[in-house]
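So the chains spell out like this:
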Amino acid sequence: MAKMKALVCRECGKEYPTKAIHVCDMCFGPLEVKYNYEEIKKTISRRKIEDGPLSMWRYIDLLPVEGAATVGPHAGFTPMVRARNLAAYLGLDELYLKNDTVNHPTLSFKDRVVAVALTRARELGFETVACASTGNLANSVAAHAAAAGMQCYVFIPGDLEAAKVLGNLIYRPTVVEVEGNYDDVNRLCSEIAAEHHWAFVNINIRPYYAEGSKTLAYETVEQLGWRAPDQVVVPMASGSLLTKIWKGLNELRALGLVSEVRTRINGAQAEGCSPIAAAYMEGRDFFRPVKPKTIAKSLAIGNPADGYYALKATAESRGAMDMVSDDEVVEGIKLLAQTEGIFAETAGGVTIGVLRKLVKQGIIKKSDVTVAYITGNGLKTQEAVIDAVGRPVRIQPSLVSFERTFKMGTTGGGIT
Ligand SMILES: *Cc1c(COP(=O)(O)O)cnc(C)c1O
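Residues numbered from 1 in each chain as written. Predicted model: local features only at pLDDT ≥ 70, side-chain atom pairs only at ≥ 80, totals over all residues. Heavy atoms only, no water.

1. Some remarks on a nonpolar patch on the surface
Moving on, step 1. Among the surface-exposed residues, V393, I395, L399, F402 and F406 lie close enough to one another that they form a single nonpolar patch of about 440 Å² accessible area.
Moving on, step 2. For L399, the position within the fold is in helix α15 (residues 399–407).
Moving on, step 3. The exposure class assigned to L399 is exposed, which follows from its relative accessible area of 61%. (Patch = residues over 30% accessible without salt bridge, like charges linked within 9 Å, V, L, I, M, F, W, Y side chains within 5 Å. Areas by Shrake-Rupley, 256 points an atom, 1.4 Å probe, with all protein chains shown as cover. Salt bridge = Lys/Arg side-chain N within 4 Å of Asp/Glu carboxyl O. Helix = DSSP H or I, 4+ residues; strand = E, 2+ residues; numbered from the N terminus. Buried < 20%, exposed > 50% of the residue type's maximum accessible area, 1.4 Å probe, protein only.)

Laid out in structure tokens, this is it:
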């Protein structure tokens, strides 16, 4: 029997075939993949996973594809870094960073979801792929489509960082820059998706796409020696990643691959776009859409598709949410770089900033085994930190100049 049973409406439970559909035609609820866990349980084991490929596809038994990974075979299985310096700075005993800044091939966590989405899109017979993106998704869809020989359209907001725009153009997809923010892009793409027979990875393929995020939970547990952490801190844009980390942990427990999950799922946003975190902090179980204004552009979704479910996952796990200012984002990026040697993008600054706040507030305790998800690479968002890192010390190419600069009491720059 196949591991995928159906697509099922998250609201009313109506079931659909596993095709390129994403909303329930009865109640307009979002669809998600339903698995044959009884079948999966018979074959999956820690041993089988450990003997699998050194990529997220070692968890293929829990991913929504029928055959092998035809697109994105190297995504995932990124380092789990024991962050001793940052832990000491924050006053934590055991802190880890899940480092998706080095994900393959486009340096963000989006390579996971795109590998699943395009593999599934191919199985469903699509030749053209597309996405509505805050930046990283477009980069990943464009790169994977190039390698897979698929036609590609990416839609991005008009104010993206230079490296994220270039990181599309280089693969030669059709790059459509929409004069508006992500929410405008997304609305437009929903209309286009209804007209054209394309695989929009985060629209009609979204039920499959979103499942790719579960691999961050699986890797976390395996890399901690088959333990679930006490606390995780997750950056939120649509909120999908956060909900899937919760789902992934619960699947591992249900399958007996981890004995206990007491993990608290904490969500992080930037103040300038914090509809989900604001709802949590004000005790609401619904969010109010906002107009984004933050340097954390990869998280700038004002009307988050999974906001409601993210609030639910955080509540179920007894986690928390918080937000940080743009200045705190920059501080977070610098702190991470200077303690652990990891250069994260703005989303990483959001995660570190919120981690810091939650520790300060006593929500994350010293003895809690904590994992922070670092989801994107700092070389893609240089604009955010360029004015906050100083300049190199400039000298003439002579020993005299060097000695004069460093021994004559001149205070150098280069350190801020
Ligand atoms: C897309 C993205 C996220 C989170 O996205 P969700 O829509 O909440 O799943 C986090 N970090 C980075 C760098 C991203 O690009």
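2. Notes on the domain arrangement of the protein
Moving on, step 1. Partitioning the protein into domains gives domain 1 (1–43) and domain 2 (80–106 + 211–383).
Moving on, step 2. The C-alpha-based centres of domain 1 and domain 2 are spaced at 27 Å.
Moving on, step 3. The partner domain 2 presents ten residues to the nine residues of domain 1 that form the contact.
Moving on, step 4. Carbon and sulfur atoms make up 46% of the surface buried where domain 1 meets domain 2, a total of about 770 Å² over both sides.
Moving on, step 5. When the area that domain 1 buries against domain 2 is broken down by residue, the three leading residues are R10, Y37 and K41, summing to 54%.
Moving on, step 6. Linking domain 1 to domain 2 there are three salt bridges.
Moving on, step 7. Two residues, D306 and R10, come together in a salt bridge whose shortest N-O distance is 2.6 Å.
Moving on, step 8. In this structure, the connection of domain 1 to domain 2 is made through seven residue pairs in polar contact (both at pLDDT 80 or more).
Moving on, step 9. Counting only elements with at least two residues in the side of domain 1 that touches domain 2, the list comes to β3 (31–35) and α1 (37–43).
Moving on, step 10. Taken together, the residues of the side of domain 1 that touches domain 2 break down into five nonpolar, no polar and four charged. (Domains from an automatic or database assignment. Contact = heavy atoms within 4.5 Å. Buried area = accessible area lost by both parts, 1.4 Å probe. Polar contact = N/O pair within 3.5 Å; in protein donor to acceptor, adjacent residues only side chain to side chain. Nonpolar A, V, L, I, M, F, W, Y, C, P; charged D, E, K, R; others polar.)

3. Overview of the nonpolar core
Moving on, step 1. L118, V129, V141, V201, V234, I245 and I265 are the most contacted members of the largest nonpolar core, which totals 76 residues.
Moving on, step 2. The element contributing the most residues to this core is helix α10 (residues 240–254), with six residues.
Moving on, step 3. The contacts of V234, once residues within four sequence positions are left out, are L241, L242, I245, I265, N266, G267, A268 and Y373.
Moving on, step 4. Formed by 47 residues, the second largest nonpolar core is a distinct cluster that contains V185, W198, L335 and V385. (Core = buried A, V, L, I, M, F, W, Y, C linked by side-chain atoms within 4.5 Å.)

4. Concerning the packing of helix α5 (residues 136–148) against helix α6 (residues 162–169)
Moving on, step 1. Contact geometry of α5 with α6 gives a least axis separation of 8 Å together with a crossing angle of 20°. Taken together, the axes of α5 and α6 lie roughly parallel to each other. As α5 packs across α6, the resulting crossing turns out to be left-handed. Residues N136, A138, N139 and A142 of α5 touch α6, and the partners they reach there are K164, G167 and N168.
Moving on, step 2. Considering only residue class, the contact of α5 with α6 consists of two nonpolar, four polar and one charged. (Axes fitted to C-alpha atoms, helices over the stretch in contact; angles between N-to-C directions. Parallel < 35°, antiparallel > 145°, perpendicular 65-115°, else oblique. Left-handed = near helix turned anticlockwise from the far one by under 90°.)

5. As for the sheet that holds strand β10 (residues 231–235)
Moving on, step 1. The mixed open sheet is built from six strands, whose spatial order is β4-β5-β13-β10-β11-β12. Among the strands making up the open sheet, the edge pair consists of β4 (80–82) and β12 (321–324). With direction set aside, neighbouring strand axes in the sheet form an average angle of 25°.
Moving on, step 2. As judged from the three bridges shared by β4 and strand β5 (residues 94–99), these two strands associate in the antiparallel manner. Among the inter-strand pairings, M80 is bridged to a residue of β5, identified as K98. (Pairing = 2+ DSSP bridges.)

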